[in-house]
Amino acid sequence: MTIDAIRYRRLGYVGLNVSDLDASVNFYETLVGLKMDQRPQSDMAFLRCSDRHHDVVLYKSDTPGVKRVGWQMESEAALDAIEAHLTSIGIACHPVAASESSELGIGRAFRMTEPTTGATFEFYHEMEAAPDAFQPTHTKIARLGHIVLSSADRSATESFLMDEMNFRVSDRIHGMVTFMRCFPNPFHHSLGVGSAGKPGLNHVNFMVTEMGDIGKANNRMKKADVPIVYGIGKHPPSESVFLYFLDPDGMTIEYSYGMEEFPETDPRMPREMPASLESIDYWEGVPDPRMGKVGVLEPLGERAES
Ligand SMILES: CC(C)c1ccc(C(=O)O)c(O)c1O
Ligand SMILES: [Fe+2]
């Protein structure tokens, strides 16, 4: 089997560890615009910006960061293909227990440790539908867009994702960040890999439907004393208009409007953009030093349930 059989639907969901679950649920509902359907246990909450079971799971933890990143595969065959390939190269694939996959509203799933960052990745094909359609509140969130992880060895992370997981590179900013798409999902990036001294979370992104969603958020965050750490600006790589702000733990969240999409066949070549602020913001803004600083990648425990 070749890695061509490894095909993704989308970045499925992000599991975030938060220190104060009530404060974070309130923030993600009231200020970000996600909907909480269920809080099945006192230490976790499911939130969504789609018609699926969840897009974000918040877990109570003393250490804020990323518990796991869920990748939704295109088919059961694609799920089988990635499990077989990872196993063949010596990566342990831990099945998710039926009780937990049922709580998560997903079918068969497994987890692994991405070896260059230590991030926990989960792979599944099916996720239950939500009980009703997502009704946006103040912000027309289109989807969970992407996650950017920091890596101490960006080229090793990029190679693992490309060679062993069938991701594709859309663009790089020289020495700083690689933007990758989970093939054949068309969006410019579902995952970014930033260069840093140690692995961690840089940010989680939600794509919005209107430019006004960005402008309104700028005012809403200021009014609520939420730190805005970059923007409003416009990114040259994906051509999106952006705003970054901090959640109650200091983790960075991005809203963006507009993003280049790639065809499955004959895509353009990746670009290598110069290492300068102009490659990050056409409008020459400068990020606040707090951007992308908080968020530990939780290692996968001995048991797949962790
Ligand atoms: C500043 C970060 C890493 C960045 C740069 C460019 C884009 C983009 O082109 O969409 C991003 O989404 C980013 O988060
Ligand atoms: Fe981003």
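Residues numbered from 1 in each chain as written. Chains lettered and ligands numbered in written order. Predicted model: local features only at pLDDT ≥ 70, side-chain atom pairs only at ≥ 80, totals over all residues. Heavy atoms only, no water.

Peer 1: It is not clear to me how the sheet that holds strand E15 (residues 241-246) should be interpreted in this structure. Could you clarify?
Peer 2: Adjacent strands of a sheet pair through backbone hydrogen bonds, lying either parallel or antiparallel. On the basis of which strands lie adjacent, the open sheet formed by 9 strands has the order E14-E15-E16-E13-E9-E12-E11-E10-E17 and mixed pairing. The open sheet has two edge strands with one neighbour each: strand E14 (228-234) and strand E17 (271-273). For this sheet, the mean angle separating the axes of adjacent strands, direction not counted, is 20 degrees. Note that strand E10 (residues 167-173) and E17 share 3 bridges and pair parallel. The residue bridging Arg172 from the neighbouring strand is Glu272, located in E17. Relative to E10, helix H4 (residues 154-165) is tilted by about 155 degrees, and along the sheet it contacts strand E9 (141-151), E10, strand E11 (177-182) and strand E12 (191-195). (Pairing = 2+ DSSP bridges. Helix = DSSP H or I, 4+ residues; strand = E, 2+ residues; numbered from the N terminus. Axes fitted to C-alpha atoms, helices over the stretch in contact; angles between N-to-C directions. Contact = heavy atoms within 4.5 Å.)

Peer 1: Would you take a moment to explain the coordination of the iron ion (ligand 2) for this structure?
Peer 2: Six octahedrally arranged donors around a metal ideally form angles of 90 or 180 degrees; four tetrahedrally arranged donors ideally form angles of 109.5 degrees. Donor atoms from the polypeptide that bind the iron ion (ligand 2) are His146 (NE2), His203 (NE2) and Glu254 (OE), placed at 2.0 to 2.2 Å. For the iron ion (ligand 2), all donor residues lie on one chain, and their spacing in sequence is H-x56-H-x50-E. Of the two residues, His146 sits in strand E9 while His203 sits in strand E13 (residues 200-208), which places them 57 residues apart along the sequence. Overall, the relative accessible area of 3% leaves His146 in the buried class. (Donors = N, O, S within 2.8 Å, 3.2 Å for Na, K, Ca; no water. Buried < 20%, exposed > 50% of the residue type's maximum accessible area, 1.4 Å probe, protein only.)

Peer 1: Just checking my understanding: could you explain the site of ligand 1 for this structure?
Peer 2: If you check the shell around ligand 1, you find His146, Phe179, His189, His203, His235, Pro237, Ser238, Ser240, Tyr244, Glu254, Ile280 and Met291 and nothing else. Note that an oxygen atom of ligand 1 is positioned 3.1 Å from one of the side-chain N or O atoms of His189. Side-chain polar atom of Ser240 to an oxygen atom of ligand 1: 3.4 Å apart, as the coordinates give it. Expressed as a share of its isolated accessible area of 360 Å², the protein-covered part of ligand 1 is 94%. More than half of the atoms belonging to ligand 1 lie within 2 Å of the grid points that define the largest pocket. Looking at side-chain class alone, the shell around ligand 1 contains 5 nonpolar, 6 polar and 1 charged residues. (Near = heavy atom within 4 Å. Polar contact = N/O pair within 3.5 Å; in protein donor to acceptor, adjacent residues only side chain to side chain. Areas by Shrake-Rupley, 256 points an atom, 1.4 Å probe, with all protein chains shown as cover. 1 Å grid on protein atoms, 1.4 Å probe; cavity = no way out; pocket = protein on both sides within 12 Å on 5 of 7 lines; lining within 4 Å. Sits in = over half its atoms within 2 Å of the grid points. Nonpolar A, V, L, I, M, F, W, Y, C, P; charged D, E, K, R; others polar.)

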